[in-house]
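Coordinate analysis (summary)
The residues making up each chain are set out below.
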Amino acid sequence: MMTSIDEGRRYLAERLADTVAKALEADLASRERVLLVVSGGSTPKPFFSALASKALPWSRVDVTLADERWVADDDADSNARLVRETLLVGLAAEACFHSLTTDDDTPETGVEAVSARVAALPWPASVVVLGMGGDGHTASLFPDSEQLATALETTEATVAVRAPSVPQARITLSAARLADAHLHVLHINGEDKRRVLADALGGDDARQLPIRTFLAQPIATYWAP
Ligand code: 6PG
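Read on for an overview of the structure. Bear in mind that the values here come from a model prediction, so they are computed numbers and not experimental data.

This part covers the site of the ligand. Neighbouring the ligand are 14 residues, the closest being T43, D67, H137, A139 and K193. G40 places a main-chain nitrogen or oxygen 3.3 Å from an oxygen atom of the ligand. At a separation of 2.5 Å, an oxygen atom of the ligand approaches a polar side-chain atom of K193. In the complex, the protein chains occlude 87% of the 410 Å² of accessible area that the ligand would expose alone. Tallied by class, residues from the shell around the ligand come to two nonpolar, eight polar and four charged.

See below:
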């Protein structure tokens, strides 16, 4: 039985899928290949399901992640697994997915190869869809990470990240790489995240609330209670 909260979040996810499909179609009119960057976590699932049913030339769409946990791609915590199971299905199964992991034991040893892989994608992205955690992180730009300053300042495409607040080592697209898009979207649910966003909008220290990095440029916020 869906609650009104669930229905509202599903409605929002479907509107976001409409927006993203239109943005991809607009770029496909003038580019052979287009790029979609999505985030993992729990919020995007209904969005991915709605987008997967859109009639697009998906074989011309490259898909990658804003960040990834450094786990096997069949691990329950893998964002790649989430994308493969909920977005790259149905009509969208034809899209070309580019993971952010390698067979290396750590992201520090794999990051150079992943950066080359990401840099070779058809930037600027048509759309970058960001999530946000309760600590104001986005992608794997965590306020308690020693690599945050590097990830905010580097021109490299990806950065290996560790943070006390998360159990797994991570790899994230850098702020500069994530900024390179025609459309940015922030997709969040719940009152707690609305309050974090309100705090973020009230200041400019991105090291305190890394989402602020993306609030100094146009970004479409999709929020449901
Ligand atoms: C990840 C995500 C991360 C996510 C936020 C929000 O790998 O976890 O990329 O940045 O967007 O943590 O996650 P929820 O949607 O689960 O709240």
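Now that the structure has been shown, the text picks up again.
Take the side chain of H98 next. Within the fold, H98 resides in strand β4 (residues 96-98). Residues contacting H98, with those up to four places away along its chain left out, are D62, V63, T64, L65 and L121.

Our focus in this paragraph is helix α1 (residues 4-28). Residues spaced three or four apart along an α-helix face the same direction, because each turn holds 3.6 residues. With 25 residues, α1 should reach 36 Å at 1.5 Å per residue; the first-to-last C-alpha distance of 36 Å fits that figure. Within α1, burial applies to L12, A13, L16, A17, V20, A21, A23, L24, D27 and L28. Buried residues belonging to α1 abut β1 (34-38), α2 (45-52), β2 (61-65), β5 (125-130), β8 (181-189) and β9 (220-224).

Next up on the list: the packing of aromatic side chains. Under the criterion given, the structure shown has one aromatic pair. The interplanar angle of 45° and the centroid separation of 5.6 Å between the aromatic rings of F47 and F48 together place this pair among those described as tilted. Grouping residues by exposure puts F47 and F48 together as buried. Positioned over the ring face of Y11 is R15, at 4.6 Å from the centre of the ring. Taking the ring centre of W123 as reference, the NZ or CZ of R177 above it sits at 4.5 Å.

Conventions used here
- Per-chain numbering applies: the sequence of each chain, read as written, is numbered from 1 onward.
- Given that this is a predicted model, residues contribute local features only at a pLDDT of at least 70 and side-chain atom pairs are listed and counted only at 80 or more, while totals for whole chains, interfaces and linings are drawn from all residues.
- Excluding hydrogens and water, the side-chain figures rest on all heavy atoms present in the structure.
- Proximity is defined per residue: if any heavy atom of the residue lies within 4 Å of a molecule or strand, that residue is considered near it.
- Polar contact is the term for a pair of N or O atoms within 3.5 Å; when the atoms are in protein, one must be able to donate a hydrogen and the other to accept it, and sequence-neighboring residues count only if both atoms are side-chain atoms.
- Note on areas: Shrake-Rupley with a 1.4 Å probe; residue coverage comes only from the protein chains shown.
- When residues are sorted by character, Ala, Val, Leu, Ile, Met, Phe, Trp, Tyr, Cys and Pro go into the nonpolar class, Asp, Glu, Lys and Arg into the charged class, and all the rest, Gly among them, into the polar class.
- The numbering of helices and of strands both runs from the N terminus, where a helix is a DSSP run of H or I of at least 4 residues and a strand a run of E of at least 2.
- Contacts were defined at the residue level, with two residues in contact if any of their heavy atoms lie within 4.5 Å.
- Between the first and last residue of a helix there are one fewer steps than residues, each counted as 1.5 Å, and that sum is the expected span.
- Each residue's exposure class comes from its accessible area (1.4 Å probe, protein chains only) as a fraction of the maximum for that residue type: buried when under 20%, exposed when over 50%, partly exposed otherwise.
- Only centres within 6.5 Å qualify two rings of Phe, Tyr or Trp (six-membered ring in Trp) as a pair; their planes then separate them into stacked at under 30 degrees, edge-to-face at over 60, and tilted for everything else.
- The criterion is that NZ of a Lys, or CZ of an Arg, lies within 6 Å of the ring centre and within 35 degrees of the ring normal, and then a charge sits over that ring.

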